[in-house]
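Remarks on the overall topology
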Amino acid sequence: MRTAVDGSFTLQDLDPELLFNLLAVAPGHAPAFSRGVDPLLGAAAFELESRPNPDGRDDVLRGQVVSEDGRPILGASVSATAVVRGESSTYGYIEGLDALAVTDDQGRFVLFGAEPDARYHLAASARARATGFLQSAVPGAATAFELGPGSTISGRLVHAGEPLAGVTMGLVQVDRGSEAWVGDRSIATDEQGRFTFLNVQPQEAHYVYGRLQDLDSVGAAAALKVRSADHGGEVSVGDLLVA
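Keep in mind that this is a model prediction, so the values were computed, not measured. Every residue gets a number counted from 1 within its own chain, in the order that chain's sequence is written. It should be noted that, the model being predicted, local features are given only for residues of pLDDT at least 70 and side-chain atom pairs only at 80 or more, the latter also being counted only at that level, while totals for whole chains, interfaces and linings use all residues. As a convention, hydrogens and water are excluded, and side-chain values are obtained from all of the structure's heavy atoms.

1. Some remarks on the confidence of the model for the protein
pLDDT expresses, on a scale from 0 to 100, how confident the predictor is about each individual residue. Predicted confidence across the protein gives a mean pLDDT of 92, with 100% of residues reaching 70 or more. We count a stretch as a helix when DSSP gives it H or I for four or more residues in a row; a strand needs E for two or more, and each element gets its number in order from the N terminus. When the elements of the protein are averaged for pLDDT, helix α1 (residues 212-215) gives the smallest value, 84, and strand β15 (residues 194-200) the largest, 98.

This is the structure:
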């Protein structure tokens, strides 16, 4: 959401039993986080640090995130997953580099603190989009991400001919290489035992599985290997049987 002219904002209808992590971004400023915000304890405050103009600098990673039809994506998150120095690659936290950038209304992003002689692997994610990856981004040069809608994987969980509701289903890529790993995803089955994973990485092999803790009283379901469709497509795995 956007702040009012006085910088204020209001997030409504939050669950009072939960704590929230908030992120504030503004053009020309470093992003700021506020973690563990309790909606019952009053207003959260942010102080954003101003940033220099990134044009012509060799210590920034910059670029644009667009949709498959070329439209800029506002609010996409971009982060570096690895830094490559010569023949050596380091994954995970990268000291000195911004942990996260959020795209503006033109889809543009800037990460400050890059090493001019290094190369970086970047990941971009946005609502209703499959995560995108870019290898070997170079500081000072503009890069571009195109994020598509991804694919859909659906199915139904069944035991003794009856649907199983409220069971946590998991989805994970078969290839867990660091270059394109998005992590495990989970969703609960509905009253009809159905589950649907949206915005899945396209054209990749995945495992679909039921969480053992939820199935302990009725049995187990073998993990099913399935290949996702291309962007916009759907694959149904049918009924997964718990025995």
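2. Digging into the nonpolar core
What makes a nonpolar core is a set of buried Ala, Val, Leu, Ile, Met, Phe, Trp, Tyr and Cys residues whose side-chain atoms join them at distances within 4.5 Å. Working definition: with a 1.4 Å probe on protein chains only, accessible area under 20% of the residue-type maximum means buried, over 50% means exposed, and in between means partly exposed. Grouped together as the largest cluster of nonpolar side chains are 21 residues, with contacts concentrated most on Leu61, Val65, Leu97, Tyr120 and Leu122. If you list the elements that add at least two residues to this core, you get β3 (60-67), β4 (77-85), β7 (108-112), β8 (119-125) and β10 (142-147). Excluding residues that lie within four positions of it along the chain, Leu61 makes contacts with Leu97, Phe109, Val110, Leu111, Ala114, Tyr120, Leu122, Ala137, Val138 and Pro139. Among the nonpolar cores identified, the runner-up in size contains 16 residues, and Ile153, Leu164, Val208 and Val237 belong to it. The contact definition used throughout considers only heavy atoms, calling two residues in contact when any of these lie within 4.5 Å.

3. A short note on the pattern of salt bridges
What makes a salt bridge here is a side-chain nitrogen of Lys or Arg within 4 Å of a carboxyl oxygen of Asp or Glu, nothing more. Tallied over the full model, the rule gives ten salt bridges. In this structure, the salt-bridge partner of Arg85 is Glu115, at a minimum N-O distance of 2.8 Å. Here Arg85 is found in strand β4, whereas its partner Glu115 is found in the loop between β7 and β8, with 30 residues between them in sequence. Of the residues examined, Arg85 reaches a relative accessible area of 39% and is grouped as partly exposed. Close ionic contact of Asp190 with Arg194 constitutes a salt bridge, the shortest N to O distance being 3.1 Å. What makes Asp190 partly exposed here is its relative accessible area of 30%.

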